[in-house]
Amino acid sequence: MTDLNESSVINVNEQPEMVAPLKFGGWLYVLSVGLIISILALVFTLISSAALLGEIDKRFNGMIITEIIFDVGFIIFMIFTATKFFARKREAPKLMQAVYIVSVVDAILSFLLLKAIAGHHPISDDAVVDIIKSVISAAIWVTYFNVSNRVKQTFLR
């Protein structure tokens, strides 16, 4: 017969120790405010895109409608992500990373639409600056969601 000491016995009735998720703190405050502001800004962008339909050359309507559809889908996705984020759900960090990546795509699409509408006329440098800001923001926050211990300890539900 084998000699079993107390440390080698496994109690199958013992529940694993549950760790309570951390509350929002640190940079997550910044992200939560940024998420809300981003949703509101995208709603205003959607409204201004819809206003363009009657004001510009009709041949660009298809492109503008495409951007409107993209923006509506992105708003829905951001609201879905925000609900997961504020509920501190486990999938929220991956959804937030997707939001930042889609923001880069949105900035590029908006630039291409503006360039097509402007034709040979010069366009503002703001569109290029928006792309650069989106890329830098995505690089910072996607990395943050991958390496932050606070994120790992907050989104546990």
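Structure: above.
Residues numbered from 1 in each chain as written. Predicted model: local features only at pLDDT ≥ 70, side-chain atom pairs only at ≥ 80, totals over all residues. Heavy atoms only, no water.

Caption draft 1: Inspection of the side chain of serine 148 at higher detail. Mapping serine 148 onto the fold places it in the loop between α4 (126–147) and α5 (149–154). In this structure the side chain of serine 148 is engaged in a polar contact, spanning 3.2 Å, whose partner is the backbone nitrogen of arginine 150. (Helix = DSSP H or I, 4+ residues; strand = E, 2+ residues; numbered from the N terminus. Polar contact = N/O pair within 3.5 Å; in protein donor to acceptor, adjacent residues only side chain to side chain.)

Caption draft 2: Layout of the environment of valine 129. Examined against the element boundaries, valine 129 turns out to sit in helix α4. For valine 129, a relative accessible area of 38% gives the class partly exposed. (Buried < 20%, exposed > 50% of the residue type's maximum accessible area, 1.4 Å probe, protein only.)

Caption draft 3: Spotlight on the packing of helix α1 (residues 27–52) against helix α2 (residues 61–86). One way to put it is that α1 packs onto α2 with a least axis distance of 10 Å and a crossing angle of 160°. Overall, the two elements α1 and α2 adopt an arrangement that is roughly antiparallel. Where α1 crosses over α2, the two elements pack in a sense that is left-handed. Considering only residue class, the contact of α1 with α2 consists of 20 nonpolar, four polar and two charged. (Axes fitted to C-alpha atoms, helices over the stretch in contact; angles between N-to-C directions. Parallel < 35°, antiparallel > 145°, perpendicular 65-115°, else oblique. Left-handed = near helix turned anticlockwise from the far one by under 90°. Nonpolar A, V, L, I, M, F, W, Y, C, P; charged D, E, K, R; others polar.)

Caption draft 4: Quick look at the nonpolar core. Grouped together as the largest cluster of nonpolar side chains are 29 residues, with contacts concentrated most on Leu28, Leu31, Phe85, Tyr100, Phe145 and Phe155. Of all elements in the fold, only α1, α2, α3 (92–118) and α4 reach the threshold of two or more residues within this core. At seven residues, the largest contribution of residues to this core is made by α2. (Core = buried A, V, L, I, M, F, W, Y, C linked by side-chain atoms within 4.5 Å.)

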